[in-house]
Amino acid sequence: MRQIYPDQAALADADIAALYAYPDLAGGRAHWVRGNMVESLDGAATLNGRSRGLSSDWDRQIFAMLRALTDVILVGAGTARTERYRPVRPESEGLRWAWLRKGRAPSPPIAVVTRTLDLELDSALVAAGPEHARTIVITTDSAPADRRAAAARTADVVVAGDTSVDMAAAVAELAARGLRRILAEGGPHLLSQIVDAGQLGELCLTVSPLLAGPGPDRILC
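Residues numbered from 1 in each chain as written. Predicted model: local features only at pLDDT ≥ 70, side-chain atom pairs only at ≥ 80, totals over all residues. Heavy atoms only, no water.

Novice: Is there a simple way to think about the overall build of the protein chain in this case?
Specialist: Each helix and strand in the protein chain was counted, giving eight helices and seven strands. Computed over its C-alpha atoms, the radius of gyration of the protein chain comes to 17 Å, within 12% of the 17 Å expected for a compact globule of 221 residues. With the C-alpha coordinates aligned to their principal axes, the bounding extent of the protein chain is approximately 55 × 45 × 35 Å. Looking at the protein chain as a whole, 45% of its 221 residues qualify as buried. Within the protein chain, contacts between residues at least 6 apart in sequence are counted, and of these 73% link residues at least 24 apart. For the protein chain, the accessible area works out to roughly 10600 Å², and carbon and sulfur atoms hold 51% of it. Within the protein chain, one finds 24 positive and 26 negative side-chain charges whose respective centroids are separated by 3 Å. (Helix = DSSP H or I, 4+ residues; strand = E, 2+ residues; numbered from the N terminus. Rg over C-alpha atoms; globule rule 2.2 N^0.38 Å. Buried < 20%, exposed > 50% of the residue type's maximum accessible area, 1.4 Å probe, protein only. Contact = heavy atoms within 4.5 Å. Areas by Shrake-Rupley, 256 points an atom, 1.4 Å probe, with all protein chains shown as cover. Lys, Arg positive; Asp, Glu negative; His and termini not counted. Charge placed at Lys NZ, Arg CZ, Asp CG, Glu CD.)

Below, the structure written as structure tokens:
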């Protein structure tokens, strides 16, 4: 787990970005998976059903910076639906961290993990990804063939596993596409899959000064 307590007033943006820089992958490591999660003081991953209820303005700035640093954003289908994910667009993330994308595509693609391909295939996330960052749908061989074919019309479809997603294979496929710096934004089920597959390199965890009480999922389930 990465423990960083930056003083926003004291550090320049370049200093903050340097604290969160991905490790050098030139030494033979194929990829690096970073998790980014927020939790309440009592460990809940959501408040009123969404993680946004736990986030502060500072946390949202770190969220945007981590997106600017990464090659691809990995998210579970449930989280994508609940949090109303859309393709990442520079204007929607704000311009504060745009300089971190210099020499690369303006924004990273989103890779959605879905065992059964139970996504809205005409949603903006699946159907409206920019050409430089088409959405990637990671699914299984048991997902309906007609839905895989429909998704492939507007997104890149990756089959990783027979009846459940093989997370190690999914991460390897992203790395083979040159997407080696991977940011996993959740939710708890996806993070647990990544951990179980031995793929998590580090966890960036924000603790919100709120109590959610019993009920919500924890960051690992």
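Novice: Please explain the pattern of salt bridges as it appears in this structure.
Specialist: Where charged atoms from two side chains of opposite charge come close, those side chains can pair. Under the criterion given, the structure shown has 11 salt bridges. E202 serves as the salt-bridge partner of R34, at 3.0 Å between the closest nitrogen and oxygen. Of this pair, R34 sits in strand 1 (residues 32-40) while E202 sits in strand 7 (residues 200-208), and the two are 168 residues apart along the sequence. Given the relative accessible area of 0%, R34 is considered buried. With its nearest N and O atoms 3.2 Å apart, the salt bridge here joins D71 to R104. (Salt bridge = Lys/Arg side-chain N within 4 Å of Asp/Glu carboxyl O.)

Novice: Is there a simple way to think about helix 8 (residues 188-196) in this case?
Specialist: Side chains that are three or four residues apart share a direction in an α-helix, a result of its 3.6 residues per turn. What helix 8 keeps buried is the set P188, L190, L191, S192 and I194. Looking at the buried side of helix 8, the elements it contacts are strand 1, strand 2 (72-76), strand 3 (110-113), helix 7 (167-176), strand 6 (181-186) and strand 7.

Novice: Looking at this structure, how should I read the environment of E202?
Specialist: According to the relative accessible area criterion, E202 is buried, its value standing at 7%. In this structure the C-alpha to C-alpha distance between E202 and D162, which are 40 residues apart in sequence, comes to 28 Å. Separated by 3.0 Å, the side chains of E202 and R34 make a polar contact. (Polar contact = N/O pair within 3.5 Å; in protein donor to acceptor, adjacent residues only side chain to side chain.)

Novice: Could you clarify how one ought to interpret the sheet that holds strand 4 (residues 136-139) in this entry?
Specialist: The pairing of strands in a sheet happens through backbone hydrogen bonds and is either parallel or antiparallel. The strand order across the open sheet built from seven strands is 5-4-3-2-6-1-7, with neighbouring strands paired in parallel fashion. Every interior strand has two partners, whereas the edge strands, strand 5 (156-159) and strand 7, have only one. Averaged over all pairs of adjacent strands, the angle between their axes in this sheet comes to 25°, without regard to strand direction. Pairing between strand 2 and strand 3: four bridges, direction parallel. Following the sheet pairing, L74 is matched in strand 3 by A111. Each of strand 1, strand 2, strand 6 and strand 7 is contacted by helix 2 (residues 57-69), which is oriented at about 170° to strand 1, the strand it contacts most. (Pairing = 2+ DSSP bridges. Axes fitted to C-alpha atoms, helices over the stretch in contact; angles between N-to-C directions.)

Novice: Which parts of the structure should I look at to understand unusual backbone geometry?
Specialist: A negative phi angle is the norm for most residues apart from glycine, just as the trans form is the norm for most peptide bonds. Put simply, G186 and G187 share a cis peptide bond, and its omega is 10°. Here G187 shows up in the loop between strand 6 and helix 8. The phi torsion at L117 lies on the positive side, around 60°, for a residue other than glycine. Looking at the element boundaries, L117 is found in the loop between strand 3 and helix 5 (124-127). A residue is classified by how much of its surface remains accessible, and L117, at 0% relative accessible area, is buried.

Novice: When you look at the pairing of strand 6 in this model, what are you seeing that I'm missing?
Specialist: For a regular strand, side chains alternate in direction, first toward one face of the sheet and then toward the other. The element strand 6 is extensively covered by neighbouring structure, given that five of its six residues are classed as buried. For strand 2 and strand 6, the ladder comprises four bridges, and the chain directions are parallel. Within strand 6, the position partnered with I73 by the bridge is L183.

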